[in-house]
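Remarks on the overall topology
This is what each chain is made of:
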Amino acid sequence: MRILFALHQHRIGNKFPLTLKRLVQLATLDGAVDRGIAEKTGSLSPGKRADIILVRTSDINTSPVGIPFEALVSLAQPGNVDTMIVDGRILRRAGKFTALDHPKVVTEAHEAAMALRAQAQWPM
């Protein structure tokens with residue numbers, strides 16, 4: 001979202017204003033609409049998947065929060081994610097992964113990337 005907002009400001013500017021709130025909507029509900037899955041996800045509504053990310057706004061880079069959308073789009077980093085709930089399952093709590101072996105996932109991702117590089121005959 002941060003990169004999209006910066007590119008929009010650079011290329012289009014105020015000809016077609018884009019607020020940070022609108023950008024979050026584009027990334028959530030509008031993204032679900034475009035994918036044809038808005039009846040299942042994209043907003044917090046009864047009957048939809050409960051996908052929620054809680055971002056700490058007390059960290060040095062996000063505090064003090066004036067406009068929540070600004071904190072989310074312009075200031076927040078992955079390390080500010082405190083809790084993540086996907087389809088009702090808590091995957092991250094208090095900044096720690098609860099449902100996956102993070103080192104194992106990183107190792108497997110690295111191995112897969114190296115295998116793809118080798119297959120494509122890219123330099124290692």
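Notes on the structure follow. Please read all numbers here as calculations on a predicted model, not as lab measurements. (Residues numbered from 1 in each chain as written. Predicted model: local features only at pLDDT ≥ 70, side-chain atom pairs only at ≥ 80, totals over all residues. Heavy atoms only, no water.)

Examining the overall build of the protein
Scanning the protein from N- to C-terminus turns up five helices and four strands. The secondary structure elements of the protein, listed N-terminal to C-terminal, are α-α-α-β-α-β-β-β-α. A globule of 124 residues ought to have a C-alpha radius of gyration of about 14 Å, yet the protein, at 18 Å, is considerably larger. Counting only C-alpha atoms, the protein reaches 45 × 40 × 35 Å along its principal axes. (Helix = DSSP H or I, 4+ residues; strand = E, 2+ residues; numbered from the N terminus. Rg over C-alpha atoms; globule rule 2.2 N^0.38 Å.)

Re the side chain of His-8
Relative to the elements of secondary structure, His-8 occurs in helix H1 (residues 2-11). From its side chain, His-8 meets the backbone oxygen of Phe-16 in a polar contact 2.8 Å long. Aside from chain neighbours lying at most four places away, what touches His-8 is Gly-13, Phe-16, Pro-17 and Leu-18. (Polar contact = N/O pair within 3.5 Å; in protein donor to acceptor, adjacent residues only side chain to side chain. Contact = heavy atoms within 4.5 Å.)

Quick notes on helix H2 (residues 20-27)
Residues Leu-20, Leu-23 and Val-24 constitute the buried set of H2. Looking straight down H2, one finds that the buried residues subtend no more than 100° of arc, so they occupy a single side. Against the buried residues of H2 lie H1 and helix H4 (68-75). (Buried < 20%, exposed > 50% of the residue type's maximum accessible area, 1.4 Å probe, protein only. Arc of directions from axis to C-beta.)

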